[in-house]
There are 2 protein chains.
Amino acid sequence: MAVQGPGVLQGIGDDCAILQSPGGGDDLLVSNDMFIENVHFTGSTLTAGEAGYRAIARALSDIAAMGGVPLWHLVSAAWGDRTGESWSREFFEGVREAGGKFGSTLVGGDTSRAPVFASDVTVIGSVPHGTALLRSGARPGDRIYVSGLLGGSEFGRIHGRSHPAAWERHVRPSPRIGLGQWLRGIASACMDLSDGLSLDLRRLCEASAVSAQIDALPCWPGVQREEAIHSGEDYELLFTAPPSVVIPETWEGLLPLTRIGEIQEGPAGEVLAYGESLPPLGYDHLERRRAPLNPDCGSVRD
Amino acid sequence: MAVQGPGVLQGIGDDCAILQSPGGGDDLLVSNDMFIENVHFTGSTLTAGEAGYRAIARALSDIAAMGGVPLWHLVSAAWGDRTGESWSREFFEGVREAGGKFGSTLVGGDTSRAPVFASDVTVIGSVPHGTALLRSGARPGDRIYVSGLLGGSEFGRIHGRSHPAAWERHVRPSPRIGLGQWLRGIASACMDLSDGLSLDLRRLCEASAVSAQIDALPCWPGVQREEAIHSGEDYELLFTAPPSVVIPETWEGLLPLTRIGEIQEGPAGEVLAYGESLPPLGYDHLERRRAPLNPDCGSVRD
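All of these numbers come straight from a predicted model, not from anything done at the bench.

Rules used throughout
Residues numbered from 1 in each chain as written. Chains lettered and ligands numbered in written order. Predicted model: local features only at pLDDT ≥ 70, side-chain atom pairs only at ≥ 80, totals over all residues. Heavy atoms only, no water. Helix = DSSP H or I, 4+ residues; strand = E, 2+ residues; numbered from the N terminus. Contact = heavy atoms within 4.5 Å. Phe/Tyr/Trp six-rings, centres within 6.5 Å; stacked < 30°, edge-to-face > 60°. Least-squares fit on C-alpha atoms with pLDDT ≥ 70 in both. Pairing = 2+ DSSP bridges. Axes fitted to C-alpha atoms, helices over the stretch in contact; angles between N-to-C directions. Salt bridge = Lys/Arg side-chain N within 4 Å of Asp/Glu carboxyl O. Buried < 20%, exposed > 50% of the residue type's maximum accessible area, 1.4 Å probe, protein only. Right-handed = clockwise from strand over helix to strand, strands pointing away.

Engineer: Just to check I follow, could you spell out the environment of alanine 228 of chain B for this structure?
Structural biologist: Residues and elements named next belong to chain B. Here alanine 228 lies in helix H7 (residues 225–230). Between the C-alpha atoms of alanine 228 and leucine 149, which are 79 residues apart in sequence, the distance is 8.6 Å. When near neighbours in sequence (up to four residues on either side) are disregarded, alanine 228 contacts Leu150, Gly151, Leu217, Cys219 and Val223.

Engineer: Which parts of the structure should I look at to understand the packing of aromatic side chains?
Structural biologist: Think of a pair of aromatic rings as described by two things: how far the centres are apart, and how the planes are tilted against each other in angle. A full pass over the atoms with the stated rule returns 25 aromatic pairs over all chains. The interplanar angle of 75° and the centroid separation of 6.1 Å between the aromatic rings of phenylalanine 41 of chain A and phenylalanine 117 of chain A together place this pair among those described as edge-to-face. In this pair, phenylalanine 41 of chain A sits in the loop between strand S3 (27–36) and helix H1 (48–65) while phenylalanine 117 of chain A sits in the loop between strand S5 (105–113) and strand S6 (118–127), placing the two residues 76 residues apart along the sequence. Between tryptophan 79 of chain B and phenylalanine 92 of chain B, the ring centres sit 6.3 Å apart and the planes meet at 75°, which makes this aromatic pair edge-to-face. Taken together, the positions of tryptophan 79 of chain B in strand S4 (residues 69–79) and phenylalanine 92 of chain B in helix H2 (residues 85–102) put the pair 13 residues apart, joining distant regions of the chain.

Engineer: Would you mind going over the relation of the copies chain A and chain B with me for this structure?
Structural biologist: Mapping between the two chain copies consists of a rotation about an axis together with a translation along that axis. Each copy superposes on the other: chain A lies on chain B with an RMSD of 0.0 Å after a rotation of 180° and an axial shift of 0.0 Å. What the superposition gives is, in effect, a two-fold axis relating one chain to the other. Using C-alpha coordinates, one finds that chain A approaches the rotation axis most closely at glycine 23 of chain A, a distance of 2.5 Å.

Engineer: Teacher, can you tell me more about the sheet that holds S4 of chain B here?
Structural biologist: For sheets, the rule is that strands pair by backbone hydrogen bonds, running either parallel or antiparallel. Residue and element names in this part refer to chain B. Strand order across the open sheet formed by six strands is S1-S2-S3-S6-S4-S5, with mixed pairing between neighbours. Taken across any chain shown, the strands that pair with only one partner, and hence form the sheet edges, are strand S1 (8–10) and strand S5 (105–113). Averaged over neighbouring strand pairs, the angle between their axes works out to 25° when direction is ignored. Inspection of the sheet shows strand S2 (residues 17–20) paired to strand S3 (residues 27–36) by four bridges, in the antiparallel sense. In the sheet register, leucine 19 faces S3, and the bridge partner there is leucine 28. Where helix H1 (residues 48–65) meets the sheet, its contacts fall on S3, S4 and strand S6 (118–127), and the angle it forms with S3 comes to roughly 145°.

Engineer: Sorry if this is basic, but what is going on with the pattern of salt bridges here?
Structural biologist: Oppositely charged side chains can form a pair if their charged atoms are brought close together. Residue and element names in this part refer to chain A. In this structure the tally under the stated criterion is 26 salt bridges over all chains. For arginine 172, the salt bridge identified is with glutamate 168, shortest N-O distance 3.3 Å. With a relative accessible area of 27%, arginine 172 lands in the partly exposed category. For glutamate 168, a relative accessible area of 37% gives the class partly exposed. A salt bridge links glutamate 206 to arginine 202; its shortest N-O distance comes to 3.2 Å.

Engineer: Would you take a moment to explain the pairing of S4 of chain B for this structure?
Structural biologist: A regular strand carries its side chains on alternate faces of the sheet. Residues and elements named next belong to chain B. Among the eleven residues that make up S4, nine are buried, leaving the element largely enclosed by the rest of the structure. Of the pairings in the sheet, the one linking S4 to S6 comprises nine bridges and is antiparallel in character. Across the sheet, the residue bridging to tryptophan 72 is isoleucine 124, located in S6. Crossover handedness for the path S4 to H2 to S5: right-handed.

Structure (structure tokens):
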């Protein structure tokens, strides 16, 4: 959706809005992400501090997806019936920890109350003018890549603290900020994987008016292909690059970058996985199932 | 509270954060405002379109309070059990109407679900570098002013559509954007009146480490002095200026500017009204009563 106005370089429809700085120079990136009890998490799985950390990390993943440098964040939080003053204090300790780790400063927000805990995180970052990574740049023939291993966050959520690595992945996702910046000028399109590859790749293809086929998937140990393709909340980067660009097997020798398929001409948004068409299914963060897309429960951005 | 970080000119503690544009030039103003069913409004009093309009107008009042020019806004909204797709569509029609009226462009947001409707509006504006109006600049001897008439919004909420002018004031508040910009270089301190004069003037005095005395109040027709002093949601501007500055009786010949008292040396935050000390009471948006301040239900900014 192209919503434009003064100073709006990219409105609704990508991971962040891209805005022209009042003084020129670098472009601004801005995004909001809600994080709500019983929708995105339950109080029985996450501590308050973990919830605060996760709320910031997942929001900053949108800055990473655009190739941006995180600068500032604002946190609005409505305390639920179950969450009082000490919960709030611990939540903001998690916010502080994640902000410090990823180089973003808390500059404001609002507090209120609601039947359940409901938060909204605004993140603001920057990129050199005109260099933000968009979802819309993929072209037929481009190769499709993902960072990391897919399905780890959901595996962690299901198996809990008995699988420490997967649990850590679930509780403290790592927005791929360095990788995103490195991909500026390299990737033809990029977005982060928040709702699962099947749905997110479809969005990238819709934005680029292309189709895609997938024939490989880097799965988290113990995770089946069918699960990895639909699992949400990995916060890895999904990106495309022309065949002429050499993408290394790892980024900085640590993070795997796997070629999973190819962009093709075809109906906008169509995704073939191992030769079969992937239906347009959404991801329910708590039910761990693929559900028909509910237009009321997606993102304004999508 | 001075929270600082790279590019943070003013962190938490005022109506907006003031941030340094990546390219220099004008400063950025950013603020978040939650607007939640059964806390800030009820579905039985406001239509969806009115709720959308109000959510934007009240958030832009924070830009006005800093002397800023509105640029962009993001709207996160969690639909409640009672509010479905058509409610959502109408809500965003109200958002669009207010954005158009006050010159701000919708550039993003997020949607989710919750037991009640819960929204959070992020507003971004700009001011020439170093000229933002702060709460902290009031000095003993400065005169205290408010724009408009106080108590109208609450009068409208109580009496409903049978009092059209007050109702309109309640439903469609007018952020004093032009006045705020005019006050740059004139006012020594400024903030908007969202939680009632008694509480907001106390906040201004705390930020400026001064006391205040009030001996006049411009009341909405039919509103008693005692009500006007505690009524919230007028979204008028409260500002101070040294005696050497001549403040006209109206701004642009239309909006009354009333001198209501004087800043004094004394305990930070103390407010005397007509010779009596005003207790530190908060404002409950729905109960229309003064309640002891609940630290969980204020604003991160306050």
